[in-house]
Amino acid sequence: MPDQTFLDSTELVINMGPQHPSTHGVLRVILKLDGEKVLGTECIIGYLHRGVEKIAENRTYAQFNPYVDRMDYVAAVSNGLGYCLAVEKILNVEAPPRAQAVRVILTELNRIASHLLWLGTHALDIGAITPVFYCLREREEALKIFEKYCGARLTTHAFRIGGLLYETYDGFEQDIKEFCDMFLPRVDEYEELLTTNRIWVGRLKDVGILSADECKEYGVTGPVLRAAGVKWDVRKAQPYSGYDKYEFDIPTRQNGDTYDRYVVRMQEMRQSVRIMRQAVAAMPEGPIMGKVGKVIKPPVGEAYVSIEAPKGELGYYVVSDGSTQPYRCRVRPPSFVNLQALDRMIRGGLVADVVAVIGTLDIVLGEVDR
Amino acid sequence: MVRLLKKIFLVDLFQGLWVTFRNQNPKYIYTEQYPAERPKVAERYRGAPRLNINPDNGETLCISCNLCALACPEALIVVTSMRNEETKRKELTTFTYDTSRCMFCGLCEDACPVDALELTQDFEMATYTRDGQIWDRQMLEEGPKPTQYKC
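**Student:** Lay out the overall build of chain A with the relevant residues and their values.
**Tutor:** Along its length, chain A carries 15 helices and 8 strands. For chain A, whose C-alpha radius of gyration is 21 Å, the value lies close to the compact-globule estimate of 21 Å for 370 residues. Each of the three principal axes of chain A carries a C-alpha extent, and together these read 80 × 45 × 35 Å. Across the 370 residues in chain A, those meeting the buried criterion constitute 51%.

Written out as structure tokens, the structure reads:
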């Protein structure tokens, strides 16, 4: 009989994922546990790696546009906007005012759709099954507007370099207004279900705390940063696409725990509705395409543009060598950067909170692995 | 005191239950009973590709300019043509479209100068074999013929 068997060891290493439903994709987390307590985690990524940045080097500027939709596939419109803005910066053209207004409306609508999917799946991870049905119901309305506008629900390919390809359909403004009117009471409904619910509060309060300093160290952006009390929003800090014309607040909270991140995202959805209402009310007339040739051949140079995607700061760095294809295209995905804070947030916590923390980071593995 | 009473009488939980209770009888049901009830896709929907033919004389509208093949990011369109010696014009011989690699971005449709290639509202493109996903000219002109179920 040996002195020590494996049953005596206190530490246990287990794999979570890559097929775990709560990892929102193909994330694999190796957990080191001592009973219920998490001693450490390690993320293994790359199961969805497609080499998008390398693909960019073999495609023309216009041809690469549909690929960016497939990185953060729940917020495809934001990705398209970031890429188009980066190429427009090298080309030194600006989209006409009408195109900018439509871009703002669609990206804000996409922010709502992305946050709704996050809320539904996050609540599902925690154990509340009802919100996901309501969230997907409202998301359906948003996706219908995308389908009517550009012909696809998810991988939209809505924007083109220099402006827009599609003029808005008849009744677009009416649809947006109806969506805004319909949506605000529905947010109240979700808040009624969750915000004061004792199980929800008990599962989320003081779980996965990330302080403001730690957020800055890790480079974490988006709602995770704002929940820690840092008032940073690229839409306000470096306005793009005419965001300086619209009036909105940056919701912030102080504690930086999972509950605060939930509250910040709920507030953000309300602010998005506010921006959409202003943009629809002041929709300018005019052309929708800037002065861009049929063959896009930017001068030698480079450009970095960052925008506020639903998950955080999304950056596109495009280098041009004067040919029709980008020399290099680098993406700064918010999910990838936010994911590295997972270990700090969960260390010392309970194993049941791992899914809550992964959910609150709002990662999309298509964007993490690219 | 109020908070304690609220906690004892489970106000927060009943509040949530009331929301679910209100939604028991929805006015509009989003779930589609798919094979029986078919979704109405939008006018601009980017679905199965179609090679348009002139309805008057049945000739293809394609002028075999190869612009769609050049625009395609995945290079999945192959157009071949032959020069007609009498009229000195290029005539389309084959047109192959590999739908298994298509991501329905619509760039080919934008590139077409004569609106011959179009992404239509058909969305049922499943086949039993991989080879069936590679559409030839005849398939592109006729479009998919999915089985329609009724109940």
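**Student:** How would you explain the overall build of chain B if you had to name every residue and give the values?
**Tutor:** The helix and strand inventory of chain B stands at 5 helices and 5 strands. Taken against the 2.2 N^0.38 rule, which gives 15 Å for 151 residues, the C-alpha radius of gyration of chain B at 26 Å runs more than 25% over that of a compact globule. For chain B, the spread of C-alpha atoms along the principal axes amounts to about 95 × 35 × 30 Å. Per-residue burial over chain B gives 21% buried out of 151 residues. Across chain B, the fraction of contacts at a sequence separation of at least 24, relative to all contacts at a separation of at least 6, is 66%.

**Student:** Quick one: what's the story with the sheet that holds strand E5 (residues 134–135) of chain B, residue by residue and with numbers?
**Tutor:** Sheet strands line up and pair through hydrogen bonds in the backbone, either parallel or antiparallel. All names here are of chain B. As summarised here, the arrangement of the 3 strands in space is E2-E3-E5, forming an open sheet in which the pairing is antiparallel. Since the sheet does not close on itself, it has two edges, and those belong to strand E2 (77–83) and E5, each with one partner. Pairing analysis gives 7 bridges linking E2 to strand E3 (residues 90–98), with the strands arranged antiparallel. Considered in E3, the bridge of Val-78 is made with Thr-96.

**Student:** Got a sec to walk through the packing of helix H4 (residues 97–126) of chain A against helix H14 (residues 353–361) of chain A? Specific residues and values, please.
**Tutor:** Each packed pair of helices is defined by two parameters, the angle between the axes and the distance between the axes. Residue and element names in this part refer to chain A. Running from N to C, H4 and H14 cross one another at 175 degrees; their axes reach a closest spacing of 9 Å. On the basis of the axis angle, H4 is roughly antiparallel to H14. Judged by residue contacts, Thr-121, His-122, Asp-125 and Ile-126 of H4 engage Val-355, Ala-356, Gly-359 and Thr-360 from H14. Residues that form the contact of H4 with H14 fall into these classes: 3 nonpolar, 4 polar and 1 charged.

**Student:** I'd like to hear about the environment of Asp122(B), residue by residue, with values.
**Tutor:** All names here are of chain B. Inspection of the secondary structure puts Asp-122 in the loop between strand E4 (117–119) and E5. Residue classification places Asp-122 among the partly exposed residues on the basis of 16 C-beta atoms within 10 Å. Remark: the alpha-carbon pair of Asp-122 and Pro-144, spanning 22 residues in sequence, is separated by 7.5 Å. Contacts of Asp-122, omitting those with residues within four sequence positions, involve Gly-47, Ala-48, Gly-143 and Pro-144.

**Student:** Please set out unusual backbone geometry residue by residue, giving values where relevant.
**Tutor:** Phi is positive for Ser241(A), which is not a glycine, with a value near 50 degrees. Note on placement: Ser241(A) falls in the loop between helix H10 (234–237) and helix H11 (258–281). Unusually for a residue other than glycine, Ser64(B) sits at a positive phi of about 45 degrees. Along the polypeptide, Ser64(B) turns up in the loop between strand E1 (49–51) and helix H3 (67–71).

**Student:** Summarise the environment of Lys37(A); cite the residues concerned and give the values.
**Tutor:** Along the chain, Lys37(A) turns up in strand E3 (residues 37–44). Each C-alpha atom, one on Lys37(A) and one on Ile346(A), is 9.6 Å from the other, the two residues being 309 residues apart in sequence.

**Student:** Residues and numbers for the nonpolar core, please.
**Tutor:** All names here are of chain A. Of all hydrophobic cores here, the largest spans 126 residues; its most connected members are Val-87, Ile-105, Leu-109, Val-220, Met-276, Leu-342 and Val-357. In terms of residue count, the dominant contributor to this core is H4 (15 residues). Not counting the four nearest positions on each side in its chain, Val-357 is found in contact with Val-207, Gly-208, Thr-258, Leu-342, Met-345 and Ile-346.

**Student:** Before we move on, can you summarise the packing of helix H6 (residues 172–194) of chain A against H11(A) with the specific residues and values?
**Tutor:** All names here are of chain A. H11 packs onto H6 with a crossing angle of 160 degrees between their chain directions and a minimal axis gap of 10 Å. Between H6 and H11, the angle falls in the class roughly antiparallel. Here H6 and H11 pass one another in a crossing that is left-handed. The residues of H11 that touch H6, namely those facing Glu-173, Ile-176, Lys-177, Cys-180, Phe-183, Leu-184, Val-187 and Glu-191, are Met-266, Met-269, Arg-270, Val-273, Met-276, Arg-277 and Val-280. A breakdown of the residues in the contact of H6 with H11 according to their chemical character gives 10 nonpolar, no polar and 5 charged.

**Student:** With reference to specific residues and values, describe the sheet that holds strand E8 (residues 326–332) of chain A.
**Tutor:** Residues and elements named next belong to chain A. A sheet is described by the order of its strands in space; here 3 strands give the open sequence E6-E7-E8, paired in antiparallel fashion. Each edge of the open sheet is held by one strand with a lone partner, namely strand E6 (301–309) and E8. Each neighbouring strand pair of the sheet contributes to a mean axis angle of 15 degrees, computed without reference to strand direction. Sheet analysis places strand E7 (residues 312–320) next to E8, joined by 6 bridges and oriented antiparallel. From the neighbouring strand, Tyr-317 faces E8, where its bridge partner is Arg-330. Sheet strands in contact with helix H3 (residues 76–91) are E6 and E7, and its direction is about 150 degrees off that of E6.

Reading guide: rules and limits
- Residues numbered from 1 in each chain as written.
- Chains lettered and ligands numbered in written order.
- Predicted model: local features only at pLDDT ≥ 70, side-chain atom pairs only at ≥ 80, totals over all residues.
- Helix = DSSP H or I, 4+ residues; strand = E, 2+ residues; numbered from the N terminus.
- Rg over C-alpha atoms; globule rule 2.2 N^0.38 Å.
- Buried ≥ 20, exposed ≤ 12 C-beta atoms within 10 Å, placed from the backbone.
- Contact = placed C-beta atoms within 7 Å.
- Pairing = 2+ DSSP bridges.
- Axes fitted to C-alpha atoms, helices over the stretch in contact; angles between N-to-C directions.
- Parallel < 35°, antiparallel > 145°, perpendicular 65-115°, else oblique.
- Nonpolar A, V, L, I, M, F, W, Y, C, P; charged D, E, K, R; others polar.
- Core = buried A, V, L, I, M, F, W, Y, C linked by C-beta atoms within 7 Å.
- Left-handed = near helix turned anticlockwise from the far one by under 90°.

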